[in-house]
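The residues making up each chain are set out below.
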Amino acid sequence: MSERKFNVAVAGATGAVGGAMLNVLERRDFPLNELRLLASERSVGKKLKFRDSEIEVGLLSKDAFAGIDIALFSAGASRSLEFAPAAVAAGAVVVDNSSGFRMDDDIPLVVPEVNPQAIARYKNRGIIANPNCSTIQMVVALKPIYDKVGIKRIVVSTYQAVSGTGAKAIEELREQVKAYAAGSPLQKEVYPHQIAFNCLPHIDSFLDTGYTKEEMKMVNETRKIFEDPAIGVTATAVRVPVFYGHSESVNIETGEKISAAEVKELLGAAPGMKVVDEPSLSIYPLALDCEGKFETLVGRIREDESIDNGINLWVVADNILKGAALNAVQIAEIVARDYL
């Protein structure tokens, strides 16, 4: 990265992902000149700690982006659709974490370890989309295999933490566990059923096909990121009583034969990956182990004996970091280094 420093805005700075973006910018020592924090009216005036100072939160508005080079958005799809074009008009490159622009044909959908070349297409509309959290960690793990032997079909089941829903869901799980321990009635507001000690095969709303929007995000985003509309993808997305860290069981059918040992070697050398795979010692990726970590963890690597060219993986990542904030900052780093 050059010696130049950049003016960066974080829209949605007081949310969980916005806060994580600040953490990642600090941990990765992003070359900042100015950091501008933006949020809704109820958060204006709050002060957030960054490095050795506190920064006051300003109002997210269409005129809040003057002089900004890169705007990181994590304020929800409706606000991104409203305010991101204004940020672009002011001269900023937008990296958007919402679903608002992901499937637009002229907007790149980027995971830096997978398709960094797509970032160049930001010039179409000044916006780069961050994929869904569950898609990101899966394609990071699959990219080396895809490049080596091709992938014909993906069957994925996700086990997603409540932090993917937001702060209220975290609190609901915490309060339900406390109520259960105390023998008190469990209150539910965020989810249609009790989440404590339960699994809900229901993330986002259901479509007429019987799939949920979350499941179809994984299908459509994977095809777009790999630029492979022929790849078969089917998903089942499940919410589980875990605070942080999404886990995924991923079964793939490859174009050519590849052994489990070869997959371990490939993934062990892949950027952003860490192989955690010694099952005889009960060592494999755990949601508890991924919290706060930048790497995507993969283990339980084994051949699928039911088909000729099949591999099974267990993939775990911090959904707030690699699934959102880290991926966005990694994109911003490439934009700053190669395009500004």
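The structure this text deals with has already been given above.
We now turn to the structure provided with this report.

## Describing a nonpolar patch on the surface
Inference 1: A cluster of nonpolar side chains, Val 177, Tyr 180 and Phe 197, forms an exposed patch at the surface whose accessible area comes to about 320 Å².
Inference 2: For Val 177, the position within the fold is in helix H4 (residues 167-182).
Inference 3: Assessed through its relative accessible area of 33%, Val 177 is described here as partly exposed.

## Re the environment of Glu 248
Inference 1: On the secondary structure map, Glu 248 appears in strand E11 (residues 246-254).
Inference 2: Along the sequence, Glu 248 and Thr 135 sit 113 residues apart, while their C-alpha atoms lie 10.0 Å from each other.

## As for a positive patch on the surface
Inference 1: Side chains of Arg 42, Lys 46, Arg 79 and Lys 168 sit close together on the surface and give a patch of like positive charge.
Inference 2: Among the structural elements, Arg 79 can be located in helix H2 (residues 77-89).
Inference 3: Arg 79 gets classed as partly exposed once you look at its relative accessible area, which sits at 31%.

## Here we look at the packing of helix H3 (residues 133-149) against helix H5 (residues 213-226)
How two helices sit against one another is set out by the angle between their axes and by the gap between those axes.
Inference 1: Relative orientation of the contacting elements H3 and H5 amounts to 40°, with a least axis distance of 10 Å. Taken together, H3 and H5 sit at an angle that is classed as oblique. Crossing of H3 against H5: the hand is right-handed. Residues Ser 134, Thr 135, Met 138, Val 139, Leu 142, Lys 143 and Tyr 146 of H3 form the contact with H5, whose participating residues are Glu 214, Lys 217, Met 218, Glu 221, Thr 222, Ile 225 and Phe 226.
Inference 2: Split into classes, the residues belonging to the contact of H3 with H5 amount to 7 nonpolar, 3 polar and 4 charged.

## Focus on the side chain of Glu 113
Inference 1: Locating Glu 113 in the fold gives a position in the loop between strand E7 (93-96) and strand E8 (127-129).
Inference 2: In contact with Glu 113, other than residues within four places in its own chain, are Val 140, Lys 143, Pro 271, Gly 272, Lys 322, Asn 327 and Gln 330.

## Some thoughts on H4
Inference 1: Along its 16 residues, H4 runs 23 Å from first to last C-alpha, staying within 8% of the 22 Å computed at 1.5 Å per residue.
Inference 2: Every buried residue belonging to H4 is among Ala 169, Ile 170, Glu 172, Leu 173, Gln 176 and Ala 179, and all of these are buried.
Inference 3: Looking one or two residues beyond H4, the residue adopting positive phi is Gly 183, at roughly 75°.

## Some words on the packing of aromatic side chains
Think of a pair of aromatic rings as described by two things: how far the centres are apart, and how the planes are tilted against each other in angle.
Inference 1: In total, this model carries 6 aromatic pairs according to the counting rule given.
Inference 2: For the ring pair Tyr 180 and Phe 197, a centre distance of 4.6 Å and an interplane angle of 45° mean the geometry is tilted. Here Phe 197 lies in the loop between H4 and H5 and Tyr 180 lies in helix H4, a separation of 17 residues in the sequence.
Inference 3: On the basis of relative accessibility, which here comes to 54%, the residue Phe 197 falls in the exposed class.
Inference 4: Seen from the ring of Phe 294, Arg 27 lies directly overhead, with NZ or CZ sitting 3.9 Å from the centre.

## Details of the packing of helix H1 (residues 16-27) against helix H8 (residues 321-338)
Inference 1: Put simply, H1 and H8 touch, their axes get as near as 9 Å, and they point 50° apart. Looking at the two axes, H1 sits oblique to H8. Once H1 is placed against H8, the crossing between them reads as right-handed. Between H1 and H8, the contacting residues are Val 17, Ala 20, Met 21, Val 24, Leu 25 and Arg 27 on the first element and Leu 321, Ala 324, Ala 325, Leu 326, Ala 328 and Val 329 on the second.

The rules behind these values
- Residues numbered from 1 in each chain as written.
- Predicted model: local features only at pLDDT ≥ 70, side-chain atom pairs only at ≥ 80, totals over all residues.
- Heavy atoms only, no water.
- Patch = residues over 30% accessible without salt bridge, like charges linked within 9 Å, V, L, I, M, F, W, Y side chains within 5 Å.
- Areas by Shrake-Rupley, 256 points an atom, 1.4 Å probe, with all protein chains shown as cover.
- Salt bridge = Lys/Arg side-chain N within 4 Å of Asp/Glu carboxyl O.
- Helix = DSSP H or I, 4+ residues; strand = E, 2+ residues; numbered from the N terminus.
- Buried < 20%, exposed > 50% of the residue type's maximum accessible area, 1.4 Å probe, protein only.
- Lys, Arg positive; Asp, Glu negative; His and termini not counted.
- Charge placed at Lys NZ, Arg CZ, Asp CG, Glu CD.
- Axes fitted to C-alpha atoms, helices over the stretch in contact; angles between N-to-C directions.
- Parallel < 35°, antiparallel > 145°, perpendicular 65-115°, else oblique.
- Left-handed = near helix turned anticlockwise from the far one by under 90°.
- Contact = heavy atoms within 4.5 Å.
- Nonpolar A, V, L, I, M, F, W, Y, C, P; charged D, E, K, R; others polar.
- Expected span 1.5 Å × (residues − 1).
- Phe/Tyr/Trp six-rings, centres within 6.5 Å; stacked < 30°, edge-to-face > 60°.
- Lys NZ or Arg CZ within 6 Å of the ring centre and 35° of its normal.

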